[in-house]
Amino acid sequence: MNRDGLFKRVSVNAIALWLVLFVLAPSVLVLASSLLTRGDAQLVRAPLTFENYRRIVDPLYLDIFLSSFYLAALSTLICLMVGYPFAYLLARTSPRYRRNLLLMVVIPFWTSSLVRTYAMIIILKTKGLLNSLLLWAGVIHEPLTILYTDAAVFVGLVYSLLPFMVLPIYASVEKLDSRLMEAARDLGASRAATFVRVVIPLTMPGIIAGSMLVFLPALGMFYIPDLLGGAKTLLIGNLIKNQFLSARDWPFGSAASVVLTLVMAVMLLVYYKSVRATRRQEPA
Amino acid sequence: MNRVFKFSFMSVVYSFLYLPMIVLIVYSFNNSTYSLGWKGVTLSWYNELFSDFSLWEVALNSLTVAGISATFATALGSMSAVAFYRYSFRGKDFLYGLIYILIMAPEIVMGISFLILFVSLNIPLGFFTLLLAHITFCLPFVVVTVYSRMTGFDRNIIEAAKDLGASEFECFRLVILPLLMPGVVAGWLLSFTLSMDDVIISFFVTGPEFEILPLKIYSLVRMGVKPEINALCTILFGFTLAVVMIAQMLLKEKK
């Protein structure tokens, strides 16, 4: 009995220790640092202040926050509009092909998004493949400047993050009980009504999980604007990176990260609620 | 739904996902430095890459960090998954919550919080800090992979082992672990690729004297497109491809 208790105690304590030391403690430190003042000798110093949070609403920084949210939201929306029908069709493909088709989504999911971003540069640059194709086809007569614009950043985000939208939605569509859809049809609902009133609510956890996995990284992936957008401060991620590495204003950078974390917390809450709502609708 | 529409829609999405990578791979063999035109097949970019010794060192650094952190994360993660599945204990929901946060937290937030942690603990940035950070962000992937494998097998097997006199540890080592093996190996492989590919977190937690491959690529790419980088990215992509395929095969095998 004593030996049995030992295994349990060791494994539980090990993971608890690790998570407290490397997840909880750093989070608390970021929160603390966001409430301190920037120091010259040390990186942070007393007194406690809310100044860092007030600065976020300064027009200079607020612009970055709003443009970042806008870009991330737009990327999430496009990923959802492409990813949902795609995941839905994928889940409804005959099992014979489905496995390999799914694997073809999983591979870009795991591939370094830096490598994929670099591949996008080759396509988008002035003498790149896209321009050459368009010129050859006679659609344009002058090469378009796409690389180093906001549009390129947007394309890069969608390209990098699309698999993160598809996989959670696929998982929830696959779990969908087709009898529920048949029941809705039998009871006289149109195809559209079945989709809106049955399919969408039941796959809501997948939609929200996918949106989180796209929206949150899209706010932070600083190397995409760095490489595709010509090194402008476009995303909150670039702002945070600059505060920590060039401006050396750690408290302000921490405050910006806390805001990002709050956005995550709100989204997690919505996700949790939707999972519970879906469970209630499922037949026991 | 219309089959033609379905087929073309899916093809367009797959092309969007794959075309840039295919172009990258094809051009890594193109015998021309700048032009888009095809000038014949060459391996010279790979040759140049392989004769660059500083790059070898950087690649070795990456492999070392990935190997050690994947192994450590897999050991700790598998043990935790078993503990989460089998035991109830105080603070379980809280630990679940921390794992959720780890999965969902934007990488940049994780990166700077590690930076603040290491600086306040006075640990110099480099190999060791990189290792601690990589173990941490790999951990939840192992826990999730192994845990989902556990939910698939019969609880009675464990009961039988216990009835036949196995201790908790023997039960773990002789019964649970062999059954979990495919999940454990898949978790290791996925951690390994995650660690090999990470840019954002590593960016904050490594020092100038310990360079790793993704950060090296990042600084090279900032200077522009070069055929050597095409070759390097192709190798890294091929590597990920192989690892993910093996991991998927292991995970599928049981279903």
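Here the structure is a predicted model, which is why all the values come from computation and not from measurement. (Residues numbered from 1 in each chain as written. Chains lettered and ligands numbered in written order. Predicted model: local features only at pLDDT ≥ 70, side-chain atom pairs only at ≥ 80, totals over all residues. Heavy atoms only, no water.)

Undergrad: Explain the interface of chain B and chain A to me, please; I cannot follow it from the model alone.
TA: Interface size is commonly expressed as the accessible area that is lost once the parts come together. Of the residues lining the interface, 80 residues belong to chain B; the matching set on chain A comes to 83 residues. Of the roughly 7600 Å² buried between chain B and chain A on both sides combined, carbon and sulfur atoms contribute 84%. Its largest share of buried area at the contact with chain A, chain B owes to Y14, L17 and M104 of chain B, together 8% of the area lost on that side. Counting the contacts that link chain B with chain A gives one salt bridge. When the shortest N-O distance is used, the salt bridge between R222 of chain B and D226 of chain A registers 3.3 Å. Remark: the boundary between chain B and chain A carries 10 residue pairs in polar contact (both at pLDDT 80 or more). (Contact = heavy atoms within 4.5 Å. Buried area = accessible area lost by both parts, 1.4 Å probe. Salt bridge = Lys/Arg side-chain N within 4 Å of Asp/Glu carboxyl O. Polar contact = N/O pair within 3.5 Å; in protein donor to acceptor, adjacent residues only side chain to side chain.)

Undergrad: Would you take a moment to explain the environment of V244 of chain B for this structure?
TA: Within the secondary structure, V244 of chain B sits in helix α11 (residues 227-252). Judged by its relative accessible area of 0%, V244 of chain B falls in the buried class. V244 of chain B sits 54 residues away from L190 of chain B along the chain, and the two C-alpha atoms are 6.9 Å apart. Apart from the residues within four sequence positions on either side, V244 of chain B is in contact with V106, I107 and W110 of chain A. (Helix = DSSP H or I, 4+ residues; strand = E, 2+ residues; numbered from the N terminus. Buried < 20%, exposed > 50% of the residue type's maximum accessible area, 1.4 Å probe, protein only.)

Undergrad: Quick question: what am I supposed to make of unusual backbone geometry here?
TA: Excluding glycine, a negative phi dihedral is what most residues carry, and trans is how most peptide bonds are arranged. Phi is positive for Y148 of chain A, which is not a glycine, with a value near 70°. On the secondary structure map, Y148 of chain A appears in the loop between α6 (129-137) and α7 (150-175). Notably, N122 of chain B is not glycine yet its phi reads approximately 60°, a positive angle. As for its placement among the helices and strands, N122 of chain B is situated in the loop between α5 (107-120) and α6 (127-150).

Undergrad: Sorry if this is basic, but what is going on with the packing of helix α3 (residues 59-91) of chain A against helix α10 (residues 204-220) of chain A here?
TA: Each packed pair of helices is defined by two parameters, the angle between the axes and the distance between the axes. All names here are of chain A. Running from N to C, α3 and α10 point in directions that differ by 145°, and their axes come no closer than 9 Å. For α3 against α10, the interelement crossing comes out right-handed. Along its contact with α3, which presents S68, F69, A72, A73, S75, T76, C79, L80 and Y84, the element α10 presents I207, S211, V214, F215, A218 and L219. (Axes fitted to C-alpha atoms, helices over the stretch in contact; angles between N-to-C directions. Left-handed = near helix turned anticlockwise from the far one by under 90°.)

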